[in-house]
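# Analysis of the macromolecular model
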Amino acid sequence: MVIDQKKMQSLSDRMVEAEVKGRSPWADARRRFFRNRAAMLGLTILVLVTLFALFGGALAQWSNEELDFSVMGRVAELGAPSLANGHYFGTDNLGRDLYARTVQGTQISLMVGIVGAAIAVIVGTLYGATAGYVGGRTDQIMMRAVDILMSIPYMFVLILLLVMFGRSMSMLFLGIGLISWLDMSRIVRGQTLSLKNREFVEAARATGVSSFRIIIRHIVPNLLGVVAVYATLLVPLMILTESFISFLGLGVQEPLTSWGALISEGAGTMNYGTLWQLAFPLFFFVITLFGFFFVGDGLRDALDPKER
Amino acid sequence: MSDLLSVRDLRVTFSLRRQGAMPWARPTLLHAVNGVEFTLRAGETLGIVGESGCGKSTLARALIGLVPASGQAEWIDGRDLLALTPRQMMAYRQDIQMVFQDPLASLNPRMNVGQIIAEPLVTHRPDLPRAEIRARVRAMMEKVGLLPNQINRYPHEFSGGQCQRIGIARALILEPKLVICDEPVSALDVSIQAQVINLLIRLQKEMGLSLIFIAHDLSVVKHVSDRVMVLYLGKVMELASAGALYASPQHPYTQALLSAVPVPDPTIEAARTIVPLKGDLPSPLNPPSGCVFRTRCPRAEARCAAEVPALAGGDHAVACHFPGPLTEAEIARAREVA
């Protein structure tokens, strides 16, 4: 048999090659995600909306507090969107620049959504993973506490909180944060229960790895797929909740604004021929929710290929 | 040779609650391991065999402290492992490691090989610098027959046999004295089984390990073990050197087990006599009185239901009132019933 010297050489080169790079499950998921058209469209929308929130203010010719006295009182005739007077999205009923207001509302709504989801992810994951991993009586007590909190009609409590302690952003964050982690902790606990009897967790326990490190190194990384999917679906839910509260007039207060507040104002003047006051905030609201849902779906498909 | 581990009267009892039972209702007790006794000498391999549900894996998990157990397990230095607090146990965990049954399931899919093998080292020797840990991991990978340059790969990129090698490397990185192998090869192909077993035997010689080798494949156990212990319903039936046990089994259960081993030779296979066992394994929730094997034993008598046979007989210990080879008549009777 003739041995191909060149081939043998390349084989031996490959054998001694310094450290082959591994393909982690995360890298696989990323590849699948980037191949998903709908998810990429959603991600593009979200990136654009975020850029709009961060840098849109630089393009505005009016600040969000300034009243344009030239259009005041005749908003329906003079306040329509126009490039000439610098009101790209028109003005609101008081003559404030709607473009600047929308930028401001986008910032606040995104912040509420992301902070609410972040609280849910951090608190819910740790709480659920602890309850599921420790098990027994601790689990019983922790999960019954969640059941009790869930049985409270949260919208009612949130409205009461805002009425009693004043309408402030911090109160809104607190209220949304208090309720958002409950579902997450349940989902995470269920996943933890199925993970904790897997052999690799047993192997770690047999080696003497502490419970805290097992949760952090073995349980949580294997949960993150589910958590990531749920979190992306939670962000629009938080935005919706905040918008609903603001629509009722209890959420974000002037001079701050949010999508919900802007939509509420726009809806109030719908009949007076100033439809742009509703259309622009609503457009951003809708495409952002679409974006989050597409990204959430894409993440689920990417992280759990068996499900398809 | 001194005894590395001597286990006396080891019991693992699970208390089961019926679904929807009242909180004050008494739970049912399940004796998974019921008074097991054995000694393990340094550098020796003890094989543990038995059908599924007889408590093999539970015994292993009790020894390593994964399930609570009562009784005594005296380590070579005279300490009782079962009486230690978790903090005291930490020092001994370095010396006792385990290899698991399912090669892929025993590796965390989100960690790469380097992290997996290094985990015991990071846990027990936090003082070691990273470079030293990495060097040791690479050395260990080479030792178990993996290419060290694959240190950054993830478990799903390896075959079953390679995954088991990773599991073995993880168990050996701390240079333990005792490795408990819980059916390490039953999930692998036959050709890979041989590789992994020979690897274990080689490493045992190199590192002076003691092995507890759990399997339900009797030929594999014969190949690796110095002594073999036969379990049935959480009790030891027979404990003898591998040669003696396979050549002249004394307990009727052992004889039935050995007679069922297939022989890869058609003429011998056709000529051998199989002793069938009637019925199924009794429920461990409600084991038979006296000798637990009596309900399926072709030789059972009234005494077997009344008295629990003690494990007796020195080097070739048997727990039976009437040990000895089965006669033709008994085999014929066993066939009729089954």
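Residues numbered from 1 in each chain as written. Chains lettered and ligands numbered in written order. Predicted model: local features only at pLDDT ≥ 70, side-chain atom pairs only at ≥ 80, totals over all residues. Heavy atoms only, no water.

### Quick look at the pairing of strand β1 (residues 3–16) of chain B
Residue and element names in this part refer to chain B.
- Both β1 and strand β2 (residues 28–41) contribute to a ladder of 11 bridges, which runs antiparallel. Note that in β2 the partner of Leu 10 across the bridge is Val 36.
- The pairing of β1 with strand β4 (residues 70–75) spans 5 bridges and is antiparallel. Paired with Arg 11 across the strands is Ser 70, a residue of β4. (Pairing = 2+ DSSP bridges. Helix = DSSP H or I, 4+ residues; strand = E, 2+ residues; numbered from the N terminus.)

### Brief notes about the interface of chain B and chain A
- Taken together, the contact between chain B and chain A spans 33 residues of the former and 28 residues of the latter.
- When chain B packs against chain A, close to 2800 Å² is buried across both sides, 50% of that on carbon and sulfur atoms.
- Summed over the shared surface of chain B and chain A, the number is 2 salt bridges.
- A salt bridge links Glu 202 of chain A to Arg 61 of chain B, with the nearest nitrogen and oxygen atoms 2.6 Å apart.
- Between the two partners, chain B and chain A, sit 10 residue pairs in polar contact (both at pLDDT 80 or more).
- For the side of chain B that touches chain A, the secondary structure elements donating two or more residues are α2 (86–93), α3 (113–124) and α4 (130–143) of chain B. (Contact = heavy atoms within 4.5 Å. Buried area = accessible area lost by both parts, 1.4 Å probe. Salt bridge = Lys/Arg side-chain N within 4 Å of Asp/Glu carboxyl O. Polar contact = N/O pair within 3.5 Å; in protein donor to acceptor, adjacent residues only side chain to side chain.)

### Quick notes on the sheet that holds β1 of chain B
All names here are of chain B.
- The strand order across the open sheet built from 3 strands is β2-β1-β4, with neighbouring strands paired in antiparallel fashion. In the strand order of this sheet, the two ends are held by β2 and β4, each with one partner. Taking each pair of neighbouring strands and ignoring which way they run, the sheet shows an average axis angle of 15 degrees.
- Seen against the sheet, helix α1 (residues 56–63) touches β1 and β2 and runs at an angle of roughly 115 degrees to β1. (Axes fitted to C-alpha atoms, helices over the stretch in contact; angles between N-to-C directions.)

### Considering unusual backbone geometry
Residue and element names in this part refer to chain B.
- In the Ramachandran plot, Glu 175 falls in the positive-phi region, its phi being about 50 degrees despite a non-glycine side chain.
- Looking at where Glu 175 falls in the secondary structure, it is placed in the loop between α5 (160–172) and β6 (178–182).
- The exposed category is assigned to Glu 175, whose relative accessible area is 57%.
- The backbone phi angle of Leu 233 is positive, close to 50 degrees, even though this residue is not glycine.
- Mapped onto the fold, Leu 233 is located in the loop between β8 (227–232) and β9 (235–241). (Buried < 20%, exposed > 50% of the residue type's maximum accessible area, 1.4 Å probe, protein only.)

### Looking at the domain arrangement of chain B
Residue and element names in this part refer to chain B.
- We note that the domain assignment places domain 1 (3–16 + 27–95 + 176–337) and domain 2 (108–174) within chain B.
- With 17 residues of domain 1 at the interface, the matching set in domain 2 holds 12 residues.
- Around 1300 Å² of area is buried between domain 1 and domain 2 when both sides are counted, 70% of it from carbon and sulfur atoms.
- Counting the surface domain 1 buries against domain 2, the share from its top three residues, Gln 94, Pro 176 and Leu 199, is 33%.
- The interface formed by domain 1 and domain 2 holds 0 salt bridges in total.
- Here domain 1 is connected to domain 2 by 3 residue pairs in polar contact (both at pLDDT 80 or more).
- When residues of the side of domain 1 that touches domain 2 are traced back to their parent elements, those giving at least two are α2 and α6 (190–207).
- The leading source of residues in the side of domain 1 that touches domain 2 is α6, at 9 residues. (Domains from an automatic or database assignment.)

### Regarding the pairing of strand β7 (residues 210–214) of chain B
Residue and element names in this part refer to chain B.
- With respect to burial, β7 is a largely interior element, 5 of its 5 residues being buried.
- The side-chain alternation of β7 yields two buried faces, one formed by Ser 210, Ile 212 and Ile 214 and the other by Leu 211 and Phe 213.
- Of the strand pairs in this sheet, strand β3 (residues 45–49) and β7 are connected by 4 bridges, and their pairing is parallel. Its bridge partner being in β7, Thr 45 is matched across the sheet by Leu 211.
- Pairing of β6 with β7, which is carried by 5 bridges, proceeds in the parallel orientation. Opposite Cys 181, over in β7, you have Phe 213 as the bridge partner.
- Following the chain from β6 across α6 to the adjacent parallel β7, one finds a crossover that is right-handed. (Right-handed = clockwise from strand over helix to strand, strands pointing away.)

### Regarding the sheet that holds β7 of chain B
All names here are of chain B.
- Pairing is mixed across the open sheet formed by 7 strands, whose spatial order is β5-β6-β7-β3-β8-β9-β10. Both outer strands of the open sheet, β5 (96–99) and β10 (317–318), are each paired with one neighbouring strand and no more.
- Bridge count for β8 against β9 is 6 bridges, and the pairing is antiparallel. When the bridges of β9 are listed, Leu 231 appears paired with Val 236.
- Docked against the sheet, α5 engages β5 and β6, running at close to 175 degrees with respect to β5.

### Quick word on the packing of aromatic side chains
Residue and element names in this part refer to chain A.
- The tally for this structure, following the rule as stated, stands at 14 aromatic pairs over all chains.
- Seen from their ring centres, Phe 52 and Phe 89 are 6.5 Å apart, and the 25 degrees between their planes marks the pair as stacked. One end of the pair, Phe 52, is in helix α3 (residues 37–59); the other, Phe 89, is in the loop between α4 (75–78) and α5 (98–134), with 37 residues separating them in the sequence. With respect to burial, Phe 52 and Phe 89 carry one shared label: buried.
- Where Phe 283 meets Phe 284, the ring centres are 5.5 Å apart and the plane angle is 80 degrees; that geometry is what we call edge-to-face. (Phe/Tyr/Trp six-rings, centres within 6.5 Å; stacked < 30°, edge-to-face > 60°.)

### Quick word on the side chain of Glu 330 of chain B
Residue and element names in this part refer to chain B.
- Positionally, Glu 330 belongs in helix α12 (residues 328–337).
- Taking the relative accessible area as the measure of exposure, Glu 330 reaches 10% and is therefore buried.
- Polar contacts involving the side chain of Glu 330 include one to the main-chain amide nitrogen of Thr 327, which spans 3.0 Å.

### Considering the state of the cysteines
All names here are of chain B.
- Scanning the model with the defined rule gives 0 disulfides over all chains in all.
- Left unpaired, Cys 163 is separated from the closest cysteine sulfur, that of Cys 181, by 16 Å.
- You can see Cys 304 has no disulfide; the closest cysteine sulfur is in Cys 291, sitting 5.9 Å from it. (Disulfide = S-S within 2.5 Å.)

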